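# Chains, contacts and geometry: an overview
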Amino acid sequence: MSTVEDFFAQHDDWPWNPPRPGRATFHYLIAVTEGELRHDVDHVTRAVAPGQWLWVRPGHAQCWHPPGAARGTFILFEPDVLRTDIARLLAPLTAHEAPAVLSPDHDDAAWLQQTALQLLDEHRALGRRPLDVHHALRRSLLESLLLRLANAPGIATADTSAGRSRGDTYGRLADALELHFRELHRAADYAELLGCSVRTLSRAARDATGKGVREVIDERRLLEARRLLGGARWDARAVALHLGFTDPANFGRFFRDRTGLTPAAYAARDNRTDP
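Residues numbered from 1 in each chain as written. Predicted model: local features only at pLDDT ≥ 70, side-chain atom pairs only at ≥ 80, totals over all residues. Heavy atoms only, no water.

### Concerning the overall build of the protein
If you tally the helices and strands in the protein, you get 11 helices and nine strands. Looking at the protein as a whole, 44% of its 275 residues qualify as buried. Residue pairs in contact within the protein that sit at least 24 positions apart in sequence constitute 68% of those at least 6 positions apart. (Helix = DSSP H or I, 4+ residues; strand = E, 2+ residues; numbered from the N terminus. Buried < 20%, exposed > 50% of the residue type's maximum accessible area, 1.4 Å probe, protein only. Contact = heavy atoms within 4.5 Å.)

### Structural notes on the nonpolar core
By size, the foremost hydrophobic cluster in this structure holds 30 residues, and its most contacted members are Tyr190 and Phe251. Considering each element in turn, this core owes the most residues, seven residues, to helix 8 (residues 213-229). Apart from residues no more than four positions distant in its own chain, Phe251 is found in contact with Ala225, Leu229, Ala236, Val239, Ala240, Leu243, Phe245 and Pro263. Counting 24 residues, the second largest nonpolar core, distinct from the first, contains Trp55, Leu90, Leu93 and Ile155. (Core = buried A, V, L, I, M, F, W, Y, C linked by side-chain atoms within 4.5 Å.)

### A few points about the sheet that holds strand 2 (residues 22-23)
With antiparallel pairing, the four strands of this open sheet are ordered in space as 2-7-4-5. Each end of this open sheet is capped by a strand with a single partner; those strands are strand 2 and strand 5 (44-48). Sheet analysis places strand 2 next to strand 7 (residues 61-64), joined by two bridges and oriented antiparallel. Bridge pairing links Arg23 to Ala61 in strand 7. (Pairing = 2+ DSSP bridges.)

### Details of the environment of Asp80
Within the secondary structure, Asp80 sits in the loop between strand 8 (71-77) and helix 2 (84-94). With a relative accessible area of 62%, Asp80 lands in the exposed category. Distance in space between the C-alpha atoms of Asp80 and Phe26 is 9.7 Å, their sequence separation being 54 residues.

### Side note on the pairing of strand 5
Successive residues of a regular strand alternate their side chains across the two faces of the sheet. The pairing of strand 4 (residues 37-41) with strand 5 spans five bridges and is classified as antiparallel. For His39, the partnering residue across the bridge sits in strand 5 and is Arg46.

### Examining the sheet that holds strand 1 (residues 2-3)
Think of a sheet as strands paired side by side through backbone hydrogen bonds, with each pair either parallel or antiparallel. Here five strands make up an open sheet; going across it, the order is 1-8-3-6-9 and the pairing antiparallel. Each edge of the open sheet carries a strand with a single partner, namely strand 1 and strand 9 (101-102). Contacts between helix 3 (residues 106-123) and the sheet are confined to strand 1, strand 3 (27-34), strand 6 (53-56) and strand 8, with strand 8 contributing the most and set at about 60° to the helix. (Axes fitted to C-alpha atoms, helices over the stretch in contact; angles between N-to-C directions.)

### A word on the confidence of the model for the protein
In this model, the protein carries an average pLDDT of 85, and 89% of its residues clear a pLDDT of 70 or more. Ignoring residues within four places in sequence, the model shows residues 159-167, a span with pLDDT below 50, making 20 contacts including any to other chains. (pLDDT = per-residue confidence, 0-100.)

### With respect to unusual backbone geometry
Phi at Asp42 is positive, roughly 50°, even though this residue is not glycine. With a relative accessible area of 15%, Asp42 lands in the buried category. Residue His43 is not a glycine yet carries a positive backbone phi of 70°. Among the secondary structure elements, His43 is positioned in the loop between strand 4 and strand 5.

### Let's talk about the pairing of strand 4
Within strand 4, four of the five residues are buried, which leaves the element mostly enclosed by the surrounding structure. Where strand 4 hands over to strand 5, the hairpin turn is made up of two residues, of which Asp42 adopts a positive phi near 50°. As paired strands, strand 4 and strand 7 are joined by three bridges and run antiparallel to one another. Within strand 7, the position partnered with Val41 by the bridge is Gln62.

### Section: the side chain of Gln62
With respect to the helices and strands, the residue Gln62 is situated in strand 7. Look at Gln62 and you get buried, because its relative accessible area is 6%. Among the polar contacts listed, one links the side chain of Gln62 to the side chain of His39, at a separation of 2.7 Å. (Polar contact = N/O pair within 3.5 Å; in protein donor to acceptor, adjacent residues only side chain to side chain.)

Below you can see the structure in the form of structure tokens.
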């Protein structure tokens, strides 16, 4: 737990000088109160204005920009810090595909910021109270903040942003895809896994995203390839194997057809070190 300005001051040589992509292993939650924060999430530059929150989730590729005049609170927490019942309630907002930039209703903004500051104060109060009380207070404040943020008017979650609920066919496909995109690559694979027809699955995907099932599957594989070639700096052969391609050449064609670049050219561009 910190502030944007303190975090950048303490890490002035990493990872934004020069900016380099990396892969998040924690939740990064940043509430901007002044200025504008620019931040790349999954290769898209987000501009976060005062009153908005940036949420980078574990597994996302991210790249920092210089903070400029941006100010605000910075919360970093591990996925397993939340209690099981709270994690279940927060699942739509912690989900992989939930929005990166959140814009809570104005009426909730002051309360959210106050709770974030209370959390920051408790984080800095190590030694003021017994250690178990200190940790319990931090977790309680974090859970209160996240629950209020998840349920604030104007917040789109993974459930509502695509106009669906997790219980419907496309929601089940999205969940299954996140678990199995490395080894299952055909629409028929997911139809069998979910106990429905390919036609039903195709209709659900088209209604939710405007895309066919195969395109949805390929986009998820492509996203992972970009993350691994960029932030994680894997070589093309390792990425191909990880994503279930039997031949690195097939992966090369898959990647080039969708990005216009070979995997090697993409990695060289994304990992450039020039300021």
